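Single-letter residue listing:
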Amino acid sequence: MKKLALHWQILIGMVAGVVFALIMANIDWGKTFIVNWIKPFGTIFINLLKLIAVPLILASLIKGVSDLKDISKLSQMGGRTIITYLITTVVAVSIGLAIVNIIQPGYSITEDTRNELVESYKGDADSRIAQAEEQKNAGPLKALEDLVPSNIFKAASDNGNMLQVIFFAIFFGIGLILIPENTAKPVKQFFDGFNEVILKLIDLIMLAAPYGVFALLAALIVESPSADLFLALAWYAICVVIGLILMIFFYLLIVWIFTKKSPKFFMNGMSPAQLLAFSTSSSAATLPVTMERVEEHLGVEEEVTSFVLPIGATINMDGTSLYQAVAAVFIAQAFGMHLDLATQLGIVATATLASIGSAAVPGAGMVMLVIVLAQAGIPEAGLALIFAVDRPLDMCRTVVNVTGDASVSMIVAKSVGKLGEPKVKNWDDNYQH
Ligand code: ASP
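Because the structure is predicted, anything quoted here is derived from the model rather than measured.

## Thoughts on the overall build of the protein chain
Secondary structure summary: the protein chain contains 19 helices and zero strands in total. Radius of gyration (C-alpha) of the protein chain: 22 Å, near the 22 Å computed for a compact globule of 433 residues. Long-range contacts, defined here as pairs at least 24 residues apart, represent 85% of the contacts in the protein chain between residues at least 6 apart. Treating the 28 positive side-chain charges of the protein chain as one cloud and the 35 negative ones as another, the clouds have centres 8 Å apart.

Rendered as structure tokens:
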């Protein structure tokens, strides 16, 4: 019998997790059971994905850069990557601003609801504001300074330091290009083999994906706040979701225009990574799978995926920037403020920068939102307003973050002549050994 495609298996896992949690929520010991006996498997699944992220970046990027043979190609690809990432982010913020100004969800919040929300989530909001405070106090060149690690083992030991690992891998790859070929050969062969092993590990981890997402979603449902709060924030959530859907259409369109690849081809190749992004809320955890899908199923060569995708996972967060724009204006509206054009243009700039600075982990976009709010003179306490629905929106925006990285990698690959035919035609057979 033909095995069910991976994205269907993951979807079934997700739905089963939700249904199971809804049933268990009606039983006395149901919630404790899920938290004690199901949730740990979700955590293990995410840990496994994160576990291979750093070795994967190191191995594939060193291999990718050294395969380029020529440093000028690297700077050409780097320039195109950063520019395309910036353009997609500005598009995302603009879409977000347009929608929130048209629908104006903030004006439908009554003063009572506003006070109630601010009261219930004040503590959570304060802790995010404190986290953001640390980032705000940094000097203008702090980001550049942070790019260069003083110790590679220290950098590699923290998944939050992905950019430092990327820096080291590129630097090492450049060194490898510059030494005589004979001397470089064994080092390259080592990283080739290392890379193969990591890719096999991703295959193995993906076999557990349907069970992993079951556990993640079941835990999420039993731990989520009451439905009433969701309703009060429904319009705000709808604005974010509409914007995110428009962004997905935007990606499909640009991929089609620049690479002539159909939306169906793109979505078929990407759907397991998108479902994983939804379930884990983390582009960093999804990165290994994104890289594998883009390379094997969308036909982007490794020299490009190994460079464009890890950088994208850390700096290109279109979903996050769109959400930050909507959230900032929504909070302003809920507090009865009117934002003029100049302030809104300021939001485009700060949300773009804030999304670059957001870590690729759950909830990171909200911390950086504090900075967007502060710049626009919107009360930071307003963060408490949107807390209740942040997790589901985080799940959705992470899907867009990951999809954006994949689309840009296809476009950059096409522009440097590195977009070929996918290695895996039947897009699931590499998981069915
Ligand atoms: N969870 C998002 C990501 O990892 C970041 C965020 O918007 O909070 O891509």
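Anyway, onward from the coordinates.
## Looking at the site of the ligand
Around the ligand lies a shell of 15 residues, among which Ser283, Thr320, Gly365, Asp394 and Arg397 are the nearest. At a separation of 3.1 Å, an oxygen atom of the ligand approaches a polar backbone atom of Ala364. The separation between an oxygen atom of the ligand and a polar side-chain atom of Arg397 is 2.6 Å. Alone, the ligand offers 270 Å² of accessible surface; in the complex the protein occludes 100% of this.

## Re the packing of helix α14 (residues 283–298) against helix α15 (residues 302–315)
Between α14 and α15, whose axes approach to 10 Å, the crossing angle comes to 155 degrees. Put simply, α14 runs roughly antiparallel to α15. The two elements α14 and α15 meet at a crossing, and its hand is right-handed. Across the interface between the two elements, Ser283, Leu287, Thr290, Met291, Val294 and Glu295 from α14 touch Glu302, Thr305, Ser306, Leu309, Pro310 and Ala313 from α15.

## Thoughts on the side chain of Thr286
If you trace the backbone, Thr286 turns up in helix α14. With relative accessibility at 0%, the residue Thr286 sits in the buried group. Apart from the residues within four sequence positions on either side, Thr286 is in contact with Ala273, Leu276, Ala277, Thr280 and Val402.

## A few points about the side chain of Ser283
In this structure, Ser283 sits in helix α14. Beyond its immediate sequence surroundings of up to four residues, Ser283 is in contact with Ala313, Met317, Ala360, Thr398, Asn401 and Val402.

## Structural notes on helix α2 (residues 30–68)
With 39 residues, α2 extends 55 Å from end C-alpha to end C-alpha; this agrees with the ideal 57 Å at 1.5 Å per step. Backbone geometry just downstream of α2 places Lys69 in the positive-phi region, at approximately 65 degrees.

## Some words on the environment of Gly30
Following the sequence through the fold, Gly30 ends up in helix α2. A relative accessible area of 0% places Gly30 in the buried class.

## Focus on the nonpolar core
Membership of the largest hydrophobic core comes to 130 residues, with the highest contact counts inside it found for Tyr236, Ile347, Leu369 and Ile386. Here this core takes 13 residues from α2, the largest share from any one element. Sequence-distant contacts of Ile347, that is, excluding residues within four places in its chain, are made with Val93, Leu97, Ala325, Ala328, Val329, Leu339, Thr352, Val372 and Ala376. One finds Ala21, Ile34, Ile38 and Ala215 within the second-largest nonpolar core, a separate group that totals seven residues.

## What to know about unusual backbone geometry
The phi dihedral of Gln104 falls on the positive side, at around 50 degrees, and the residue is not glycine. Relative to the assigned elements, Gln104 resides in the loop between α3 (71–103) and α4 (111–120). For Gln104, a relative accessible area of 36% puts it in the partly exposed group. Of note, Ser281 is a non-glycine position whose phi angle comes to about 60 degrees, a positive value. Turning to its location among the elements, Ser281 is positioned in the loop between α13 (263–280) and α14. By relative accessible area, Ser281 is classed as buried at 1%.

## Overview of the pattern of salt bridges
Under the counting rule described, the total for this entry stands at 10 salt bridges. Close ionic contact of Glu421 with Lys261 constitutes a salt bridge, the shortest N to O distance being 3.8 Å. A residue pair is termed long-range when its members are at least 10 positions apart, and Glu421 in the segment after α19 (390–415) and Lys261 in the loop between α12 (234–259) and α13 qualify at 160 residues. What makes Glu421 exposed here is its relative accessible area of 56%. Where Asp394 meets Arg397, a salt bridge forms, and the shortest distance between an N and an O atom there is 3.6 Å. You can see Asp394 and its partner Arg397 sitting in helix α19, three residues apart, about one turn around the helix.

## Observations concerning the environment of Leu207
Structurally, the position occupied by Leu207 is in helix α9 (residues 181–207). A C-alpha to C-alpha distance of 9.8 Å links Leu207 and Ile10, two positions 197 residues apart in sequence.

## Some remarks on the packing of aromatic side chains
Taken as a whole and judged by the stated rule, the model has 10 aromatic pairs. Summarising the aromatic geometry, the rings of Phe167 and Phe171 are spaced 5.6 Å apart at their centres and angled 35 degrees between planes, so their arrangement reads as tilted. Pair noted here: Phe167 and Phe171 are both in helix α8 (residues 162–178), with a separation of four residues, about one helical turn. What makes Phe167 partly exposed here is its relative accessible area of 28%. Accessibility expressed as a relative area gives 56% for Phe171, which makes it exposed. On the basis of an interplanar angle of 50 degrees and a centroid distance of 6.1 Å, the ring pair of Phe250 and Tyr251 is categorised as tilted.

## Some remarks on a nonpolar patch on the surface
Taken together, the side chains of Ile102, Ile103, Trp235, Ile238, Val241, Ile242, Ile245, Leu246 and Phe249 present a nonpolar region at the surface, about 830 Å² in accessible area. Mapped by element, the contributors of at least two residues to the nonpolar patch are α3 and α12. Per-element tally for the nonpolar patch: the top contributor is α12, with seven residues. Relative to the helices and strands, Ile245 is located in helix α12.

How each quantity is defined
- Residues numbered from 1 in each chain as written.
- Predicted model: local features only at pLDDT ≥ 70, side-chain atom pairs only at ≥ 80, totals over all residues.
- Heavy atoms only, no water.
- Helix = DSSP H or I, 4+ residues; strand = E, 2+ residues; numbered from the N terminus.
- Rg over C-alpha atoms; globule rule 2.2 N^0.38 Å.
- Contact = heavy atoms within 4.5 Å.
- Lys, Arg positive; Asp, Glu negative; His and termini not counted.
- Charge placed at Lys NZ, Arg CZ, Asp CG, Glu CD.
- Near = heavy atom within 4 Å.
- Polar contact = N/O pair within 3.5 Å; in protein donor to acceptor, adjacent residues only side chain to side chain.
- Areas by Shrake-Rupley, 256 points an atom, 1.4 Å probe, with all protein chains shown as cover.
- Axes fitted to C-alpha atoms, helices over the stretch in contact; angles between N-to-C directions.
- Parallel < 35°, antiparallel > 145°, perpendicular 65-115°, else oblique.
- Left-handed = near helix turned anticlockwise from the far one by under 90°.
- Buried < 20%, exposed > 50% of the residue type's maximum accessible area, 1.4 Å probe, protein only.
- Expected span 1.5 Å × (residues − 1).
- Core = buried A, V, L, I, M, F, W, Y, C linked by side-chain atoms within 4.5 Å.
- Salt bridge = Lys/Arg side-chain N within 4 Å of Asp/Glu carboxyl O.
- Phe/Tyr/Trp six-rings, centres within 6.5 Å; stacked < 30°, edge-to-face > 60°.
- Patch = residues over 30% accessible without salt bridge, like charges linked within 9 Å, V, L, I, M, F, W, Y side chains within 5 Å.

Any functional reading would require information beyond the geometric quantities listed.
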